[in-house]
Amino acid sequence: VIVQILARISPLRDFFMLRDNYKNCTAPIARVFGQLVRKIWNPRNFKGHVSPHELLQVVSVASDRRYRFDVQADPIDFLAWFLNSLHNALGGTRRPGSSIIHKVFQGEVYMETKARLRIPDSSTTALSNIDWTTDDVEKRHTPFLFLTLDLPPVPLYKDEQMRNIIPQVPLVTILHKFDG
């Protein structure tokens with residue numbers, strides 16, 4: 001599923017469709033992933049399916065058999081490992097935009113942090129006399145490759161047709177945890 005998802009991301013797909021983009025890359029994981037993407041998107045493909053067997057073998061060897069096709073693994077863990085492996089194979093560094101992986105997947109969160117006031121010893125000053133306002137606001141842009149979001153819990157009760165109602169929550173609501 002992860003490979004199918006990655007093959008449908010337009011900038012990543014377009015990069016791997018042209019061999020010249022990574023012709024100097026010697027790592028087999030990038031070369032084999034590129035071959036698979038070209039096979040998936042080949043308009044003259046005789047059959048409607050493509051076997052990822054070569055990629056699975058390369059992934060198994062490169063991950064020291066951490067990811068094998070006979071054992072199910074966590075897809076998010078595999079996605080993180082696979083993107084990191086592709087990034088390193090393409091000569092990527094920690095610098096933003098150093099590979100197609102960073103160019104496509106790196107985002108940025110704007111964060112404002114307001115400093116907390118220290119409460120003086122209550123024996124010397126009444127709390128009503130303290131000025132609670134502060135102008136100390138730290139503003140920064142924080143890059144990320146994975147942004148974790150808290151999804152709402154699954155409902156406990158079923159609806160009238162005895163099916164669980166899956167709550168639909170707008171993305172803006174889920175992102176409110178970053179509002180401070």
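Let us look at the structure shown here. (Residues numbered from 1 in each chain as written. Predicted model: local features only at pLDDT ≥ 70, side-chain atom pairs only at ≥ 80, totals over all residues. Heavy atoms only, no water.)

Observations regarding the environment of S60
Here is step 1: Along the chain, S60 turns up in helix α4 (residues 53–62).
Here is step 2: Assessed through its relative accessible area of 9%, S60 is described here as buried.
Here is step 3: Beyond its immediate chain neighbours, meaning those up to four positions away, S60 contacts R65, Y67 and R68. (Helix = DSSP H or I, 4+ residues; strand = E, 2+ residues; numbered from the N terminus. Buried < 20%, exposed > 50% of the residue type's maximum accessible area, 1.4 Å probe, protein only. Contact = heavy atoms within 4.5 Å.)

As for α4
Here is step 1: Every buried residue of α4 is accounted for by L55, V58, V59 and S60.
Here is step 2: The secondary structure elements touched by the buried residues of α4 are α1 (2–7), α3 (28–40) and α5 (75–89).
Here is step 3: Just downstream of α4, D64 is the residue with a positive phi angle, here 55 degrees.

Considerations on unusual backbone geometry
Glycine aside, negative phi is the norm for most residues, and most peptide bonds take the trans geometry.
Here is step 1: A positive phi angle, near 55 degrees, is found at D64, a position not held by glycine.
Here is step 2: With respect to the helices and strands, D64 occurs in the loop between α4 and α5.
Here is step 3: Notably, R65 is not glycine yet its phi reads approximately 60 degrees, a positive angle.
Here is step 4: Locating R65 in the fold gives a position in the loop between α4 and α5.

Some words on the packing of α3 against α5
Here is step 1: Two elements in contact, α3 and α5, have axes whose closest approach is 8 Å; the angle formed by their N-to-C orientations is 110 degrees. Put simply, α3 runs roughly perpendicular to α5. Where α3 abuts α5, its residues I29, A30 and F33 lie against W81, F82, S85, L86 and A89. (Axes fitted to C-alpha atoms, helices over the stretch in contact; angles between N-to-C directions. Parallel < 35°, antiparallel > 145°, perpendicular 65-115°, else oblique.)

A word on the nonpolar core
Here is step 1: Counting residues in hydrophobic clusters, the biggest one holds 30 residues, and the most contacted among them are F16, F33 and F82.
Here is step 2: Listing elements by their share of this core, those giving two or more residues are α1, α2 (10–17), α3, α4, α5 and α6 (100–105).
Here is step 3: With seven residues, the single largest contributor to this core is α5.
Here is step 4: In this structure F33 touches V3, L6, F16, L55, F82 and L86, once residues within four positions along its chain are discounted. (Core = buried A, V, L, I, M, F, W, Y, C linked by side-chain atoms within 4.5 Å.)

Details of the pattern of salt bridges
Here is step 1: Throughout the structure, instances matching the rule amount to four salt bridges.
Here is step 2: With its nearest N and O atoms 3.1 Å apart, the salt bridge here joins R13 to D14.
Here is step 3: Taking relative accessible area as the criterion, D14 reaches 40% and is therefore assigned partly exposed.
Here is step 4: Note that D70 is salt-bridged to R68, the shortest N-O span being 3.1 Å. (Salt bridge = Lys/Arg side-chain N within 4 Å of Asp/Glu carboxyl O.)

Overview of the environment of L55
Here is step 1: Looking at the secondary structure, you find L55 in helix α4.
Here is step 2: You can call L55 buried: its relative accessible area is 4%.
Here is step 3: In sequence terms L55 and V3 are 52 residues apart; their C-alpha atoms lie 9.4 Å from each other.
Here is step 4: Beyond its immediate sequence surroundings of up to four residues, L55 is in contact with V3, I29, V32, F33, L36 and F82.

Some details on the packing of aromatic side chains
Here is step 1: Going through the model one piece at a time under the given rule, you end up with nine aromatic pairs.
Here is step 2: Counting every residue linked through ring pairs, the aromatic cluster contains F15, F16, Y22, F33, Y67, F78, W81 and F82.
Here is step 3: Just above the ring of W41 sits the side chain of R13; from NZ or CZ to the centre is 4.7 Å. (Phe/Tyr/Trp six-rings, centres within 6.5 Å; stacked < 30°, edge-to-face > 60°. Lys NZ or Arg CZ within 6 Å of the ring centre and 35° of its normal.)

What to know about α5
Here is step 1: Between its first and last C-alpha, α5 extends 20 Å over 15 residues, near the 21 Å set by a 1.5 Å rise per residue.
Here is step 2: Inspection of α5 places F78, L79, W81, F82, L83, S85, L86, H87 and A89 among the buried residues, and these make up the whole buried set.
Here is step 3: Looking at the buried positions of α5, the neighbouring elements they touch are α1, α2, α3, α4 and α6.
Here is step 4: Positioned one or two residues after α5, G91 has a phi angle of 80 degrees, which is positive. (Expected span 1.5 Å × (residues − 1).)

Interpretation in functional terms is not warranted from these geometric data alone.
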